[in-house]
Amino acid sequence: MEKPLQFRQIFMPNPNPDNTYPNYRNKLQPRMEFKPTALEQLYIKHKDKLIETAITECTRYLDDEAWMEEDTFPRVQELTGDWYLGSIYMFERNDKIRFSVEARFLGHYPKGCAREEIDDYLGMQAWFDYNPAQDAFIFDCFDTDSI
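Our subject in this report is the structure included herewith. Values in this document were obtained by computation on a predicted structure and should not be read as measured data.

A word on the pattern of salt bridges. Tallying each qualifying case throughout the model produces 12 salt bridges. The salt bridge involving E78 is made with R75; its shortest N-O contact spans 3.8 Å. By relative accessible area, E78 is classed as partly exposed at 29%.

This is the structure in structure tokens:
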């Protein structure tokens, strides 16, 4: 069986000054929320590694042959390989820092469908915990949904 695609990040061109819900049609840049706002600096410091790790974990998750089956979701054969950032969320609670990044994967849709031929397909929200002793974020888990 074919292995999953090599994923490519695409960058949405439209600013998101109202921090609203982005999708492939409106081409808005990601929603970003930092509570407290000072956490944005921690995100900036670790941004590249966080996104790289999230996509590595997404790829590992989608590399399972189960996603090649006809009656599964997500179905790897329907993915285009392109993804974009949907949201960034970092918050502090009980002296712990949690971070999530949502990668939004595009998929192919059949002609005549209510969706565009290429449109949003799969959202994968990767969750991380910050370890201050290591100054590193540790991957925890995913939330997935069809979008």
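Next up on the list: helix α1 (residues 39-62). Along α1, the sharpest change in direction is near 65° and occurs at H46. Three or more residues of α1 are buried, namely L39, L42, Y43, H46, L50, I51, T53, A54, I55, E57, C58 and L62.

Once that is clear, we can look at a negative patch on the surface. A surface patch of like charges, here negative, comprises D64, E65, E69 and D71. By secondary structure assignment, the location of E69 is in the loop between α1 and β3 (79-93). Its relative accessible area of 42% is what places E69 among the partly exposed residues.

A separate point is the layout of surface pockets. For the largest pocket, the calculated volume is near 200 Å³. With 4 residues, the single largest contributor to the lining of the largest pocket is α1. For the lining of the largest pocket, the per-class residue count stands at 9 nonpolar, 2 polar and 2 charged.

Rules used in this analysis
Residues numbered from 1 in each chain as written. Predicted model: local features only at pLDDT ≥ 70, side-chain atom pairs only at ≥ 80, totals over all residues. Heavy atoms only, no water. Salt bridge = Lys/Arg side-chain N within 4 Å of Asp/Glu carboxyl O. Buried < 20%, exposed > 50% of the residue type's maximum accessible area, 1.4 Å probe, protein only. Bend = angle between axes of the 7 residues up to and from the residue. Helix = DSSP H or I, 4+ residues; strand = E, 2+ residues; numbered from the N terminus. Patch = residues over 30% accessible without salt bridge, like charges linked within 9 Å, V, L, I, M, F, W, Y side chains within 5 Å. Areas by Shrake-Rupley, 256 points an atom, 1.4 Å probe, with all protein chains shown as cover. Lys, Arg positive; Asp, Glu negative; His and termini not counted. Charge placed at Lys NZ, Arg CZ, Asp CG, Glu CD. 1 Å grid on protein atoms, 1.4 Å probe; cavity = no way out; pocket = protein on both sides within 12 Å on 5 of 7 lines; lining within 4 Å. Points joined across faces, edges and corners; volume = space filled by probe spheres on them. Nonpolar A, V, L, I, M, F, W, Y, C, P; charged D, E, K, R; others polar.

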